[in-house]
Amino acid sequence: MSFLKRSGQSQQQGAKSVDDSLVAIDIGTSKVRIISGTVKKDGQVEILGYSESKSRGVNKGAITDISELSAVLTEVIQQFNKNFSMNVQHCIVGIPGCFIKSQMQEGTATVQSGYVTIRDRNLAIENARAGTNLGEDEEIIHTLPQNYHTQTSEEVINPIGQYAKRLTVEAQIISCKRGHVANLNNVLSSVSSDIQVDSKIYNGIAAADAVLTESEKEIGVSLIDIGGGTVSVNVYDNKRMIFSFGFPSGGDGITQQIAKNMGISLDMAEQLKVQFGLADPGLIPQDKQNVRLKFKQSSMYQRDDDNSISYSQLSIIIHEELKQLFQRIIYTISDFASSNGKSLNLGAGFVLTGGVANTVGMECVLEEVVRELYVSQDSAYPMNKIKVRIAQPLGLVGGQENSSIGGSSLLSPDKAVAVGLLRSGRSLIEEKIFYENNSEKQKKKSIIRSIRDWISHEF
């Protein structure tokens with residue numbers, strides 16, 4: 001279980017309560033974030049503390065310098081503990097999409113009693129996990145049952161209590177690189193030996209839990225989370241996550257392209273992108289089309305140079321980089337549907353989160369890419385009904401009081417993973433407690449059954 005304690009308070013040893021406050025750490029290429037909160041039974045999240053800092057020692061989601069990242073985390077956690085009078089002991093951590101692999105697996109179980117029990121379902125799921133093709137450097141972090149098969153139906157949502165001689169489950173198994181997890185553990189242990197990682201959650205699932213509604217998942221939606229150095233993509237249909245993938249790319253690639261095209265430093269390119277960047281050149285007002293943005297670029301070989309770039313030039317660079325990124329994403333989704341014989345109807349369209357989602361006009365680029373794809377395929381897709389929205393975390397209770405904490409607004413696309421880690425973490429705790437409770441019930445039933453069998457045999 002993941003929780004944090006108020007300074008001066010103690011937690012009863014071994015106590016298990018889903019009402020405990022949770023703490024999550026989101027280590028990204030651009031930012032390092034720590035967040036704590038309580039997740040209510042209805043999914044509402046009350047934020048208790050939040051701190052962030054510019055990331056160091058991370059590139060495209062990978063930890064490249066443990067010492068640098070440890071220094072950043074130490075500073076952030078110490079500031080967090082001081083500002084909110086808390087003592088971080090356990091935490092949830094996010095795993096970027098570039099380190100995950102998704103596989104669909106089937107598992108079966110023979111139903112001895114003729115009616116599916118919790119034990120039968122769990123055995124089918126375990127058999128699906130056992131059949132997963134894992135590399136030596138991979139471990140399973142999520143097992144997501146999609147649907148169950150019995151003699152009476154191929155689309156069983158909850159098999160418990162149903163008549164069956166054999167139960168089959170289709171499950172999506174998400175694994176991650178052990179090496180990345182080992183590096184995360186090493187960094188956190190160097191910050192404090194008291195900090196323990198209790199749960200590892202794929203960032204794409206966390207972002208989806210923060211911003212998607214159940215109705216969107218039901219009618220079909222694709223969640224695209226684009227950070228500074230990584231991309232995570234999930235596709236949902238009929239309330240199930242049917243496909244997920246990620247790769248090392250993001251906002252830093254746009255910054256690098258601006259720097260290369262203009263011959264300027266990465267810091268200056270980032271400033272221009274954040275302050276003046278537009279994803280769609282068509283959004284630039286007519287009177288600003290030729291206006292040049294002036295800036296000073298320091299050089300070690302000469303005096304500070306006066307440089308400039310037009311709004312249009314800057315916007316075109318951003319547009320082209322985003323277009324290539326979205327093309328890669330859409331073609332990957334399209335290839336998945338084609339190779340699996342699926343007809344994806346994303347009724348809710350596309351939902352964008354992550355720091356790059358703050359770029360004005362970003363949704364216009366995605367709409368352009370989707371239109372081009374369907375035109376090239378001679379599809380009868382309704383072009384005027386392409387849905388794209390920029391999303392911020394949903395369900396933060398307390399109104400304005402909780403929309404901004406620790407000097408940072410939480411109602412922003414770049415906070416989706418951090419907030420979602422809390423909601424996903426609570427779900428994992430509930431699931432664990434549910435299985436443990438039912439496991440105890442099964443043991444008691446087994447003991448009672450054994451006693452009855454013995455009495456029947458002896459007397």
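Residues numbered from 1 in each chain as written. Predicted model: local features only at pLDDT ≥ 70, side-chain atom pairs only at ≥ 80, totals over all residues. Heavy atoms only, no water.

K.L.:
Would you mind going over the pattern of salt bridges in detail, with residue names and values included?
P.N.:
Under the criterion given, the structure shown has 19 salt bridges. Ionic pairing is found between Arg-33 and Asp-414, a salt bridge with its closest N-O pair at 2.9 Å. In this pair, Arg-33 is assigned in strand S3 (residues 31-39) and Asp-414 in the loop between strand S21 (408-409) and helix H11 (416-458), connecting sequence segments 381 residues apart. Glu-68 serves as the salt-bridge partner of Arg-56, at 3.0 Å between the closest nitrogen and oxygen. (Salt bridge = Lys/Arg side-chain N within 4 Å of Asp/Glu carboxyl O. Helix = DSSP H or I, 4+ residues; strand = E, 2+ residues; numbered from the N terminus.)

K.L.:
So what about the side chain of Gln-172? Which residues, and what values?
P.N.:
Inspection of the secondary structure puts Gln-172 in strand S11 (residues 166-177). Polar side-chain contacts of Gln-172 include one of 2.4 Å to the side chain of Ser-102. Not counting the four nearest positions on each side in its chain, Gln-172 is found in contact with Ser-102, Gln-103, Met-104, His-142, Thr-143, Leu-144, Gln-146, Met-241, Ile-242, Phe-243 and Ser-244. (Polar contact = N/O pair within 3.5 Å; in protein donor to acceptor, adjacent residues only side chain to side chain. Contact = heavy atoms within 4.5 Å.)

K.L.:
Before we move on, can you summarise the side chain of Asp-414 with the specific residues and values?
P.N.:
Note on Asp-414: relative accessible area 16%, which makes it buried. At 2.9 Å, the side chain of Asp-414 forms a polar contact with the side chain of Arg-33. Side chain to side chain, Asp-414 and Ser-412 meet in a polar contact 2.3 Å long. Ignoring any residue separated from it by four or fewer positions in sequence, one finds Asp-414 in contact with Arg-33, Gly-354, Gly-355 and Asn-358. (Buried < 20%, exposed > 50% of the residue type's maximum accessible area, 1.4 Å probe, protein only.)

K.L.:
Could you give me a rundown of the layout of surface pockets, with the residues and numbers involved?
P.N.:
Where empty space is left in the structure can be found by rolling a water-sized probe over the atoms. Of the pockets and cavities examined, the second largest pocket occupies roughly 1100 Å³. If you trace the second largest pocket, you find 40 residues lining it, with Ser-30, Gly-228, Asp-252, Glu-270 and Lys-273 closest to the centre. Mapped by element, the contributors of at least two residues to the lining of the second largest pocket are strand S2 (22-27), S3, strand S5 (58-59), helix H6 (251-262) and helix H7 (266-276). (1 Å grid on protein atoms, 1.4 Å probe; cavity = no way out; pocket = protein on both sides within 12 Å on 5 of 7 lines; lining within 4 Å. Points joined across faces, edges and corners; volume = space filled by probe spheres on them.)

K.L.:
Tell me about the packing of aromatic side chains, and please be specific about residues and values.
P.N.:
Given two aromatic rings, one states the distance between the centres and the angle between the planes to describe the pair. Enumeration over the complete set of coordinates arrives at 6 aromatic pairs. Centre to centre, the rings of Phe-80 and Phe-84 are 5.4 Å apart; their planes meet at 55°, and the pair counts as tilted. Here Phe-84 and Phe-80 lie together in helix H1 (residues 66-84), a separation of 4 residues that amounts to about one turn. Accessibility classification places Phe-80 together with Phe-84 in one group, the buried group. Geometrically, the ring pair formed by Tyr-115 and Tyr-163 is edge-to-face, given 5.9 Å between the ring centres and 75° between the ring planes. Linking Tyr-115 in the loop between strand S9 (100-110) and helix H2 (118-130) with Tyr-163 in the loop between strand S10 (138-149) and S11, this pair joins segments that are 48 residues apart in sequence. Given the relative accessible area of 48%, Tyr-115 is considered partly exposed. Clustering of aromatic rings is evident, with ring pairs tying together Phe-243, Phe-245, Phe-247 and Phe-336. (Phe/Tyr/Trp six-rings, centres within 6.5 Å; stacked < 30°, edge-to-face > 60°.)

K.L.:
Residue-level account of the packing of H6 against helix H8 (residues 311-339), with values.
P.N.:
Contact pair H6 / H8: the axes reach a minimum separation of 10 Å and the direction vectors enclose 135°. With respect to H8, the element H6 is oriented oblique. Relative to H8, the crossing made by H6 is right-handed. Residue-level inspection shows Gly-253, Ile-254, Gln-257, Ile-258 and Asn-261 of H6 in contact with H8, the latter providing Leu-314, Ile-317, Ile-318, Glu-321 and Leu-322. Counted by class, the contact of H6 with H8 contains 6 nonpolar, 3 polar and 1 charged residues. (Axes fitted to C-alpha atoms, helices over the stretch in contact; angles between N-to-C directions. Parallel < 35°, antiparallel > 145°, perpendicular 65-115°, else oblique. Left-handed = near helix turned anticlockwise from the far one by under 90°. Nonpolar A, V, L, I, M, F, W, Y, C, P; charged D, E, K, R; others polar.)

K.L.:
So what about the sheet that holds strand S8 (residues 90-95)? Which residues, and what values?
P.N.:
Ordered in space as S4-S3-S2-S8-S12, the 5 strands form an open sheet in which the pairing is mixed. Looking along the sheet, the strands with just one partner apiece sit at the ends: strand S4 (45-54) and strand S12 (196-202). In this sheet, neighbouring strand axes are inclined to one another by 25° on average, regardless of whether the strands run parallel or antiparallel. Here H1 sits on the sheet in contact with S2, S3 and S4, set at roughly 140° to S4. Strands S2, S8 and S12 of the sheet are contacted by helix H3 (residues 178-191), whose axis makes an angle of about 140° with S8. (Pairing = 2+ DSSP bridges.)

K.L.:
Account for the confidence of the model for the protein chain, naming residues and giving values.
P.N.:
Summary statistics for the protein chain give a mean pLDDT of 85 and a share of 83% for residues scoring 70 or more. Segment residues 1-19: pLDDT under 50, and 54 contacts once partners within four positions in sequence are set aside and those in other chains are kept. (pLDDT = per-residue confidence, 0-100.)

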